[in-house]
Amino acid sequence: MELDIAHEVRRVSASLLAFDRSAQTLTFRPVGATPVGIAADEQTLRNWLQCALLSVETVPGSAQPHERAIEVLLRRLQEHHDRGHDPFADYRERPRAALTPSLHEPVRRVLVS
């Protein structure tokens, strides 16, 4: 069964994050501040969540992996916002190709004799 990522993002983040599949946007709504959005299709969001999950040590608990990933992403966005930075700065500066480097590495020519 595949998760409804839009529903899960909204549920786990207590609506501080919202993913709009049709508009292909992820919006961060910091409490008491102006919402900030970024263009992101579903695959890009899933990649970001996977990277967030892989970047932290797994702590035993009852949270499912996707829930933990959403929590990590939300915490990072909140930390950037709290420091007065664009919460999505890291994601805006990174080209799409950098999200999946194994698919976009330079082609290495191999001579076969």
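Rules and cut-offs
Residues numbered from 1 in each chain as written. Predicted model: local features only at pLDDT ≥ 70, side-chain atom pairs only at ≥ 80, totals over all residues. Heavy atoms only, no water. Axes fitted to C-alpha atoms, helices over the stretch in contact; angles between N-to-C directions. Helix = DSSP H or I, 4+ residues; strand = E, 2+ residues; numbered from the N terminus. Parallel < 35°, antiparallel > 145°, perpendicular 65-115°, else oblique. Contact = heavy atoms within 4.5 Å. Nonpolar A, V, L, I, M, F, W, Y, C, P; charged D, E, K, R; others polar. Expected span 1.5 Å × (residues − 1). Buried < 20%, exposed > 50% of the residue type's maximum accessible area, 1.4 Å probe, protein only. Salt bridge = Lys/Arg side-chain N within 4 Å of Asp/Glu carboxyl O. Pairing = 2+ DSSP bridges. Arc of directions from axis to C-beta. Polar contact = N/O pair within 3.5 Å; in protein donor to acceptor, adjacent residues only side chain to side chain. Left-handed = near helix turned anticlockwise from the far one by under 90°.

Draft legend 1. Broad picture of the packing of helix H2 (residues 42-54) against helix H3 (residues 65-82). With their axes 8 Å apart at the nearest point, H2 and H3 run at an angle of 90 degrees to one another. Considering their axes alone, H2 and H3 lie roughly perpendicular with respect to each other. Along its contact with H2, which presents Leu 45, Leu 49, Ala 52 and Leu 53, the element H3 presents Pro 65, Arg 68, Ala 69, Ile 70, Val 72, Leu 73 and Arg 76. Each residue belonging to the contact of H2 with H3 can be placed in one class, and the counts come to 9 nonpolar, no polar and 2 charged.

Draft legend 2. Inspection of H2 at higher detail. Spanning 13 residues, H2 covers 18 Å between terminal C-alpha atoms, matching the ideal 18 Å at 1.5 Å per step. Buried within H2 are the following residues: Thr 44, Leu 45, Asn 47, Trp 48, Leu 49 and Ala 52.

Draft legend 3. Region of interest: the pattern of salt bridges. Under the defined criterion, the tally for this structure stands at 6 salt bridges. Across the pair Arg 11 and Glu 67 runs a salt bridge, and its minimum N-O distance is 2.6 Å. A residue pair is termed long-range when its members are at least 10 positions apart, and Arg 11 in helix H1 (residues 5-12) and Glu 67 in helix H3 qualify at 56 residues. A residue is classified by how much of its surface remains accessible, and Arg 11, at 41% relative accessible area, is partly exposed. Judged by relative accessible area, which is 15%, Glu 67 ranks as buried. Among the ionic pairs, Glu 42 bridges to Arg 46, the shortest N-O distance being 2.9 Å.

Draft legend 4. Spotlight on the sheet that holds strand E1 (residues 17-20). Here we have 3 strands laid out as an open sheet, ordered E1-E2-E3, and antiparallel in their pairing. Each edge of the open sheet is held by one strand with a lone partner, namely E1 and strand E3 (36-39). Adjacent strand axes in the sheet meet at a mean angle of 20 degrees, parallel and antiparallel pairs treated alike. Contacts from H3 reach E1 and strand E2 (25-28), with the element oriented near 60 degrees to E2.

Draft legend 5. Quick look at H1. All of the buried residues along H1 are Ile 5, Ala 6, Glu 8 and Val 9. Taken end-on, H1 shows its buried residues confined to a sector of 165 degrees, consistent with a single buried face. Structurally, H1 contributes buried residues whose contacts are with E1, E2, H2 and H3. The N-cap residue of H1 is Asp 4: its side-chain oxygen and the backbone nitrogen of Ala 6 are 3.2 Å apart.

Draft legend 6. Seen up close, the packing of H1 against H3. Running from N to C, H1 and H3 cross one another at 60 degrees; their axes reach a closest spacing of 10 Å. Put simply, H1 runs oblique to H3. Of the two elements, H1 crosses H3, and the hand of that crossing is right-handed. On H3, the residues that touch Glu 8, Val 9, Arg 11 and Val 12 of H1 are His 66, Glu 67, Ile 70 and Glu 71. In terms of residue class, the contact of H1 with H3 is made up of 3 nonpolar, 1 polar and 4 charged.

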